[in-house]
Amino acid sequence: WRHPPKALPALASEPSRLVASIAAAGRRQRWPEALALLAAAERLPQVQHPMRGRDSGPHQAAIEACARARQWQRSLALLNQMFDQTLRTDIIAFTTAMSSCERSHVWERALDVFATLCASRLAPDWFVYNTAISACGKGEHWTLALHLLSRACGVDGVWKTELFNSTISTCAKARQWPRALELLARMPPERVAPDHVTFGAAMEACERAENSEQALQLLSTMALRRLHPNTVVLCSAISACAKDSRWQHGVALFDALRSASSSSSSAPSSSPFSSSGAFVAFSARVGVAGASQLPTGSLGGDAFGANPIACGAAASALAAGALWREALRLLGEFRGLGLGTAGSMPAAILLTSVSHACARAFEWRAALWALGSAVSRQAELDTGSYLPAMTACADSHEWAWALWLLQVAPRPRHGSHTMPYLVVLRALASARQTTHVTQAMRAAASDLEGSSEGGGKALVAAMYRGLPNAAGQAPAAAARDERE
């Protein structure tokens, strides 16, 4: 507590000092201290507290302090308190409360605050509209985002790049890639210049839609506009190729970029595209025009081939082609560089993709090795990360290994990840391991209890009906569980 009680009357008599103290507490992530300062000042007598009924600065500073700490409930409570005390509210208070809800993924509350703002005497500016559109993205309400974008134009008659970026991102999350590309095409006629964020959102839409053709065309458009793609854009393009059964293009793009990046490692400011003809040759082969016009730029200072996100995208392309040897070689090169933080999500994605590549090729030993590498590096793995190795063992009739992986895998967080259980149960049934089938079904019923899909026993009953009849007669215990 920075301010003793005896100092509060002097502090509250100067609202500017009180606002500064509350804001300082918010910057230090000490939102309880900020609320305590405001509450203590509110309890002072009216004669010593001239800010009551007039100055809303202390409340706005407290809302900002709560928003910094993602305390959206308290931000809304303070906003309601301002209305109850008839304090002067402005755009900043509404926008801060909306941003707090939007960052906390409570998009419905953010839109409620926006509706309250529109019903008041205040006129929302473009930043308020942008926050509302971002909230729509959390809920995948792309139609409402398009409507808000059209209304935002009438604020000052000038389109903002940020508004288009948020709307395109919302369309991408809702898998409305045609709408996202239409918005991108509308920007030049409206005299709005797309930036890297714009193309990144459009590329995300193509990746989610598994549309590699449009993804590669976006690279061409960036080249013509003399914008150098960053790592996020390039990784999305590679992933789109992997998901669209054009994994060869994704692998070729990664190889070209990695080769160009390594050849330009002595010049950090040079882009991989402009330092080598590898990407130009690739673009000629797959139809990406304008690659030779890409400008000089930086990819964030890191070599493209040493980026864990880029390697993960390349590994997903290799997995689509069941190129398990190449995936293991890529993992070995990445590990040899000593890069990647233990427990980081990009490293976990890379290791899981390599394991999936081995599973696609029915190389269960290699899949186990890749999974073991992920565990030894303390990567953030979930139940789905163990699934490729389980599948490889089950398809190779190594039911004991598949059952062991199911036992050591992390428990499902949301109680609805049924695929690992189904894979192992089918392997056990095919191997006529009736005792293990019964035990696995009981374990699945316990682990999946509370699932949003109808409860553990209902899920187990559905899985049991889908098992092959290779085990002969149904185990008596399993049959009893299904009847229950």
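Scroll up to find the structure this text is about.
Chemist: Tell me about the overall build of the protein chain, residues and numbers included.
Modeler: Scanning the protein chain for helices and strands turns up 27 helices and 0 strands. Taking all 484 residues of the protein chain together, 51% fall into the buried category. In the protein chain, once contacts between residues fewer than 6 apart in sequence are set aside, the share between residues at least 24 apart is 65%. Roughly 22000 Å² of accessible area belongs to the protein chain as shown, and the carbon and sulfur atoms make up 51% of that amount.

Chemist: A description of the pattern of salt bridges should follow, citing residues and the corresponding values.
Modeler: Under the counting rule described, the total for this entry stands at 7 salt bridges. Two residues, Glu-33 and Arg-28, come together in a salt bridge whose shortest N-O distance is 3.5 Å. A salt bridge links Arg-179 to Glu-182, with the shortest nitrogen-to-oxygen separation between them at 3.9 Å. With a gap of 3 residues between them, Arg-179 and Glu-182 both fall in helix α11 (residues 177-186), about one helical turn apart.

Chemist: Break down helix α23 (residues 399-408) for me, citing the residues and quoting the values.
Modeler: Listing the buried residues of α23 in full gives Ala-402, Leu-403, Leu-405 and Leu-406. In a view along the axis of α23, the buried residues occupy a sector of 160°, so they form one face of it.

Chemist: Tell me about helix α22 (residues 383-395), and please be specific about residues and values.
Modeler: Between the first and last C-alpha of α22 there are 18 Å, a value that for 13 residues agrees with the 18 Å anticipated at 1.5 Å per step. At Ala-389, α22 shows its largest bend, some 30°. All of the buried residues along α22 are Thr-383, Ser-385, Tyr-386, Leu-387, Pro-388, Ala-389, Met-390, Ala-392, Cys-393 and Ala-394. At the exit of α22 stands His-397, carrying a positive phi of roughly 60°.

Chemist: With reference to specific residues and values, describe the packing of helix α7 (residues 107-119) against helix α8 (residues 126-139).
Modeler: Two numbers describe how α7 lies on α8: the axes approach to 8 Å, and their chain directions differ by 150°. In terms of orientation, α7 and α8 fall into the roughly antiparallel class. You can see that α7 and α8 cross each other, and the crossing is left-handed. When α7 is examined against α8, the residues Trp-107, Ala-110, Leu-111, Phe-114 and Leu-117 are found in contact with a partner set consisting of Val-128, Tyr-129, Ala-132, Ala-135, Cys-136, Lys-138 and Gly-139.

Chemist: Could you give an account of the packing of α8 against helix α10 (residues 161-173), naming the residues involved and the relevant values?
Modeler: In contact at an axis separation of 8 Å, α8 and α10 are set at 10° when each is read in the N-to-C sense. The pairing of α8 with α10 is recorded here as roughly parallel in orientation. Of α10, the residues touching α8 (which contributes Trp-126, Tyr-129, Asn-130, Ile-133, Ser-134, Cys-136 and Gly-137) are Glu-162, Leu-163, Ser-166, Thr-167, Thr-170 and Lys-173. Across the contact of α8 with α10, the residue classes break down as 5 nonpolar, 6 polar and 2 charged.

Chemist: Describe in detail the packing of aromatic side chains, supporting the description with residues and values.
Modeler: Under the counting rule described, the total for this entry stands at 4 aromatic pairs. On the numbers, 5.5 Å between centres and 65° between planes, the contact of Phe-114 with Tyr-129 is edge-to-face. You can see Phe-114 sitting in helix α7 and its partner Tyr-129 sitting in helix α8, a full 15 residues away along the chain. Ring centres 6.4 Å apart and planes at 45° place the aromatic pair Trp-364 and Trp-401 in the tilted group. Of this pair, Trp-364 sits in helix α21 (residues 364-376) while Trp-401 sits in helix α23, and the two are 37 residues apart along the sequence. The exposure class assigned to Trp-364 is buried, which follows from its relative accessible area of 13%. Joined through ring pairs, the aromatic side chains of Trp-364, Trp-401 and Trp-404 make up one cluster.

Cut-offs and rules
- Residue numbering note: each chain is counted from 1, following its sequence as written.
- Only residues with pLDDT of at least 70 get local features here, since the model is predicted, and only at 80 or more are side-chain atom pairs given and counted; chain-wide, interface and lining totals rely on the full set of residues.
- Hydrogens and water molecules were not included; the side-chain quantities draw on all heavy atoms of the structure.
- Under the DSSP-based scheme used, a helix requires at least four consecutive residues in state H or I and a strand at least two consecutive residues in state E, with every element numbered from the N terminus.
- When a residue's accessible area, from a 1.4 Å probe over protein chains only, is under 20% of the maximum for its type it is buried; when over 50% it is exposed; and in between it is partly exposed.
- Here, residues are in contact when the closest pair of their heavy atoms is within 4.5 Å.
- Per-residue and other accessible areas follow the Shrake-Rupley method at a 1.4 Å probe size, with only the shown protein chains counted as cover for residues.
- Here, a salt bridge means any side-chain nitrogen of Lys or Arg that lies within 4 Å of a carboxyl oxygen of Asp or Glu.
- The arc in question is the one spanned by the directions pointing from the helix axis to the C-beta atoms.
- Expected helix span is taken as 1.5 Å per residue step, with the number of steps being one fewer than the number of residues.
- One axis fitted to the seven residues ending at a residue, another fitted to the seven starting there: the angle between these axes is the bend at that residue.
- What counts as an axis is a line fitted to C-alpha atoms, over the stretch in contact for a helix, and the angles between N-to-C directions run from 0 to 180 degrees.
- Orientation categories follow fixed angle ranges, with anything under 35 degrees roughly parallel, anything over 145 roughly antiparallel, 65 to 115 roughly perpendicular, and all other angles oblique.
- Crossing handedness follows the turn of the near helix against the far one: under a right angle anticlockwise gives a left-handed crossing, and clockwise gives a right-handed one.
- Residues were grouped as follows: Ala, Val, Leu, Ile, Met, Phe, Trp, Tyr, Cys and Pro as nonpolar; Asp, Glu, Lys and Arg as charged; and all remaining residues, including Gly, as polar.
- Planes of paired rings set the category: under 30 degrees apart is stacked, over 60 is edge-to-face and the rest tilted, where pairs are Phe, Tyr or Trp rings (Trp by its six-membered ring) whose centres lie within 6.5 Å.

In short, the description is geometric, and any link to function would need to be established separately.
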